[in-house]
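Each chain, letter by letter, is given below.
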Amino acid sequence: LAENAGLSPMEELAGAKVRQIQEKSPFIGLGVDQAANEKDGLHSCDMREKGVFETLIGKQQQIQLATQVVKMILKIDDVISVGGN
């Protein structure tokens, strides 16, 4: 997300993680649509204030899709291994 916004992804992600730890808040994320913070010059912000939430069902669907993709890759790998001998 940070890279697509033309920012330094490592710096932005590290800054957001530091802020999460300092503020003991898992809701800190990257607000790439806003100006940089005056405090640290990074784009981290509280996602609750922005109205950005990831629902449980969304997370479950992402994990399910990732599992299906891995299964497909393993099946293709098995077919290639058998066909290659």
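Refer to the structure presented above.
Scoring rules and cut-offs
Residues numbered from 1 in each chain as written. Predicted model: local features only at pLDDT ≥ 70, side-chain atom pairs only at ≥ 80, totals over all residues. Heavy atoms only, no water. Helix = DSSP H or I, 4+ residues; strand = E, 2+ residues; numbered from the N terminus. Rg over C-alpha atoms; globule rule 2.2 N^0.38 Å. Buried < 20%, exposed > 50% of the residue type's maximum accessible area, 1.4 Å probe, protein only. Contact = heavy atoms within 4.5 Å. Lys, Arg positive; Asp, Glu negative; His and termini not counted. Charge placed at Lys NZ, Arg CZ, Asp CG, Glu CD. 1 Å grid on protein atoms, 1.4 Å probe; cavity = no way out; pocket = protein on both sides within 12 Å on 5 of 7 lines; lining within 4 Å. Points joined across faces, edges and corners; volume = space filled by probe spheres on them. Nonpolar A, V, L, I, M, F, W, Y, C, P; charged D, E, K, R; others polar.

Here's the deal with the overall build of the protein chain
Regarding its fold elements, the protein chain presents 3 helices and 2 strands. Of the regular secondary structure in the protein chain, the N- to C-terminal order runs α-β-β-α-α. Radius of gyration (C-alpha) of the protein chain: 19 Å, far over the 12 Å computed for a compact globule of 85 residues. C-alpha atoms of the protein chain, sized along the principal axes, occupy 60 × 30 × 20 Å. Within the protein chain, the fraction of its 85 residues that count as buried is 20%. Long-range pairs, those at least 24 residues apart, make up 29% of the contacts in the protein chain with a sequence separation of at least 6. Of the charged side chains in the protein chain, 9 are positive and 12 negative, and the gap between their average positions amounts to 8 Å.

Brief notes about the layout of surface pockets
Remark: the empty space left among the atoms is shown by a probe the size of a water molecule rolled over them. Looking at the largest pocket, its volume works out to about 200 Å³. Counting only elements with at least two residues in the lining of the largest pocket, the list comes to β1 (28-30) and α2 (47-50). In terms of residue class, the lining of the largest pocket is made up of 6 nonpolar, 1 polar and 2 charged.

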